[in-house]
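What the coordinates show
Take a look at the letters that make up each chain.
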Amino acid sequence: MKQQVAGALLMFRLGDFYELFYDDAVTAARELEITLTSRNKEKGQAIPMCGVPYHAAEGVHRAAHPARVPGGHLRPDGGPPLR
């Protein structure tokens, strides 16, 4: 999926949040000034992640454009990413 939108940050809807992982999380946290955290620390291989509540995603998307960070939302139904 990431290859279809090269250069864009992909946000995955997980419950009430849109989450970003790996390099996308590091970039989003830096550019959008949101908290970078990680998961799977207990297994010895932390995966960088960050996220925003789904109801705040539109504001984050607007903030990303002045920061020149393209983004797309990955749809849970497997459809094409939303931009």
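Chains are numbered independently. Their residues run from 1 in the order of the written sequence. Note on the predicted model: pLDDT of at least 70 is required for a residue's local features to be given, and 80 or more for side-chain atom pairs to be given and counted; whole-chain, interface and lining totals, by contrast, use all residues. Excluding hydrogens and water, the side-chain figures rest on all heavy atoms present in the structure.

A word on the pattern of salt bridges. Whenever Lys or Arg places a side-chain nitrogen within 4 Å of a carboxyl oxygen from Asp or Glu, that contact is recorded as a salt bridge. Applying the stated rule across the entire model yields one salt bridge. For the salt bridge of Arg30 with Glu31, the shortest nitrogen-to-oxygen distance reads 3.2 Å. Taking relative accessible area as the criterion, Glu31 reaches 35% and is therefore assigned partly exposed. For every residue, the accessible area obtained with a 1.4 Å probe (protein chains only) is divided by the maximum for its type, and the residue is called buried under 20%, exposed over 50%, and partly exposed between those limits.

Tracing the backbone through its elements, the reader meets Arg39 in strand E3 (residues 37-39). Residue class for Arg39 comes out partly exposed when judged on its relative accessible area of 39%. Spatially, the C-alpha atom of Arg39 lies 9.8 Å from that of Cys50, the residues being eleven residues apart in sequence. Should any heavy atoms of two residues lie within 4.5 Å, those residues are considered in contact. In this structure, Arg39 is in contact with Phe21, Gln45, Ala46, Ile47 and Met49, ignoring residues within four places of it in sequence. What counts as a helix is a DSSP run of H or I of at least four residues, what counts as a strand is a run of E of at least two, and both are numbered from the N terminus.

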